[in-house]
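# Observations on the three-dimensional arrangement
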Amino acid sequence: MTNKYNFTGDWIAGFTQSDGSFVISFEKQSGNGLPIRPRPLFNLTQSNTELEMFEALQNHLGIGRLQKNRNNITLVVTSIDEIVSILIPLFDKHPLHGSKLISYQIFKEVSLMMKAKKHLTLKGTLQILDLAYFMNPGTTLRTNESKEIILNMLIQKYGKLPLISKIKLPEVQIPGPINLEFIRGEVDGDGSFNVSFRTDRRRIGVNFTVIHELSDLSVLNELQQILKCGSVYKLKSNAARFQVQTVNEILNNIEPFFKETKFNTIKQKQYEIFIEVCKLIKTKGYKNDEDLKTIVDLAWDMNDSGVNRRISKDEYLAKFIIKN
């Protein structure tokens, strides 16, 4: 099973850039010790259609556990030993970019503090709380009010809290440019190859997109510069999208870039169909009924079996192909 996949350090970094998260949660605990305990958590999430790939990735890394629900499969790593011995060396050698790099640096510092048992002291817990509470600025739901609730729990047990000196994180070294393997991971994480069919007129559209959190807009801008095509947009959902939507740019820029590349997810099959459709549009077009039907047969079910199409495949063909 593992031989089907190509996991490299930069691929894992790119996949994490798109679909991974570093979280420090704070859990209540009873007993004579501190009433809260920080808990570092790293996860990667995809549609549960990627279960086999995630099983291979977990086997490759040798850490974490898989959690599956109706829609998604998630690789979760909470063990401090696994974080310190496997994840930190991995992401130090194959760096993340943008705001996710900063979140990782905080996650790393907290994990090392916990490895050194500093979270078992009131001072250490306060430092971790101050350090970690507002990481992931683009997606966090935490507020000053919820932080006060945690502080009040500590005040109720210990009275006046000691003043703590803020921990200064190591200065973040600007990583080198993203490379093909990193981009391959980004696309496997949150990229898509789409063929759209207008239902009000005979028109087929194509687009290649990669989506990141808005705080990682700079990563998409770098992707645009490397691929020398496409546009980057800010979305209303606190996200940003890189998009290429012309056949010429896809065939002249995207296909040559990924020519020797195979994706680890179902996106490989989608990519192959996508490029074939673009070539058909470029060489034959789809004014001819037979050419239109060829493209429809190829691409209608390529993403999620076509469940998000406004009408069925048969309804579309009946609408636009003239019966003899």
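As shown above, the structure is provided for reference.
Presented here is a report on the structure given in the accompanying data block. As the structure is a computational prediction, the values presented were derived from the model and not from experiment. (Residues numbered from 1 in each chain as written. Predicted model: local features only at pLDDT ≥ 70, side-chain atom pairs only at ≥ 80, totals over all residues. Heavy atoms only, no water.)

At a minimum axis separation of 12 Å, helix α7 (residues 180-190) and helix α8 (residues 217-227) run at an interaxial angle of 120 degrees. Accordingly, the angle class assigned to the pair α7 and α8 is oblique. Relative to α8, the crossing made by α7 is left-handed. The residues of α8 that touch α7, namely those facing F182, I183 and E186, are V219, L223 and I226. Of the residues in the contact of α7 with α8, the class split is 5 nonpolar, no polar and 1 charged. (Axes fitted to C-alpha atoms, helices over the stretch in contact; angles between N-to-C directions. Helix = DSSP H or I, 4+ residues; strand = E, 2+ residues; numbered from the N terminus. Parallel < 35°, antiparallel > 145°, perpendicular 65-115°, else oblique. Left-handed = near helix turned anticlockwise from the far one by under 90°. Contact = heavy atoms within 4.5 Å. Nonpolar A, V, L, I, M, F, W, Y, C, P; charged D, E, K, R; others polar.)

A word on the packing of aromatic side chains. For the structure on display, the rule yields 25 aromatic pairs. Both rings, one in F208 and one in F242, keep their centres 6.1 Å apart while their planes meet at 80 degrees; by these two values the pair is edge-to-face. One end of the pair, F208, is in strand β6 (residues 204-213); the other, F242, is in strand β8 (residues 239-244), with 34 residues separating them in the sequence. Residue F208 shares its accessibility class with F242, and that shared class is buried. (Phe/Tyr/Trp six-rings, centres within 6.5 Å; stacked < 30°, edge-to-face > 60°. Buried < 20%, exposed > 50% of the residue type's maximum accessible area, 1.4 Å probe, protein only.)

This part covers the nonpolar core. Core analysis: the biggest nonpolar cluster contains 47 residues, and F22, I24, F26, F42, L57, F91 and V110 have the highest contact counts within it. Ranked by residues supplied to this core, first place goes to helix α4 (residues 98-115) with 7 residues. Every residue in contact with I24, bar those within four places of it in the chain, is listed here: P38, R39, P40, F107, V110, I128, A132, M135 and R142. (Core = buried A, V, L, I, M, F, W, Y, C linked by side-chain atoms within 4.5 Å.)

The strand order β1-β2-β4-β3 describes an open sheet built from 4 strands, whose pairing is antiparallel. If you trace the sheet from one side to the other, it starts and ends with β1 (20-28) and β3 (65-68), each paired once. Neighbour-to-neighbour, the strand axes of the sheet open up by a mean angle of 35 degrees, direction not taken into account. Pairing of strand β2 (residues 36-47) with strand β4 (residues 72-77) involves 6 bridges; the strand directions are antiparallel. Each bridged residue has a counterpart across the sheet, and for N43 the counterpart in β4 is V76. Here helix α2 (residues 51-61) sits on the sheet and contacts β2, β3 and β4; the angle it forms with β4, its principal contact strand, is near 10 degrees. (Pairing = 2+ DSSP bridges.)

On to the pattern of salt bridges. Enumeration according to the criterion identifies 13 salt bridges in this entry. The partner of E52 in a salt bridge is K4, and the shortest N-O contact between them spans 2.6 Å. On the criterion of sequence distance, the pair formed by E52 in helix α2 and K4 in the segment before α1 (9-19) is long-range, its members being 48 residues apart. Members of the salt-bridge network, linked through shared partners, are K293, D297 and K313. (Salt bridge = Lys/Arg side-chain N within 4 Å of Asp/Glu carboxyl O.)

Here we come to the packing of α4 against helix α5 (residues 122-132). Viewed as axis vectors pointing N to C, α4 and α5 meet at an angle of 170 degrees, and their least axial separation amounts to 10 Å. Relative to α5, the element α4 lies roughly antiparallel. Residues I106, E109, V110, M113 and M114 of α4 form the contact with α5, whose participating residues are G124, Q127, I128, L131 and A132. Per-class residue counts for the contact of α4 with α5 are 7 nonpolar, 2 polar and 1 charged.

Before going further, it helps to spend a moment on the sheet that holds strand β5 (residues 191-197). Spatial strand order, β5-β6-β8-β7: 4 strands in an open sheet with antiparallel pairing. Bordering the open sheet on either side are β5 and β7 (231-234), each of which pairs with just one other strand. Pairs of neighbouring strands in the sheet enclose a mean axial angle of 30 degrees, with direction left out of account.

Attention now moves to the pairing of β6. Each regular strand displays side chains that alternate between the two surfaces of the sheet. Counting buried residues along β6, 7 of its 10 residues qualify, which places the element largely inside the surrounding structure. Pairing between β5 and β6: 7 bridges, direction antiparallel. Residue pairing across strands places F193 opposite F208, the latter belonging to β6. Linking two consecutive strands that pair antiparallel, namely β5 and β6, is a turn of 6 residues. Judged from the 6 bridges that link them, β6 and β8 form a sheet pairing that is antiparallel. Bridge assignment links I211 to a residue of β8, and that residue is R241.

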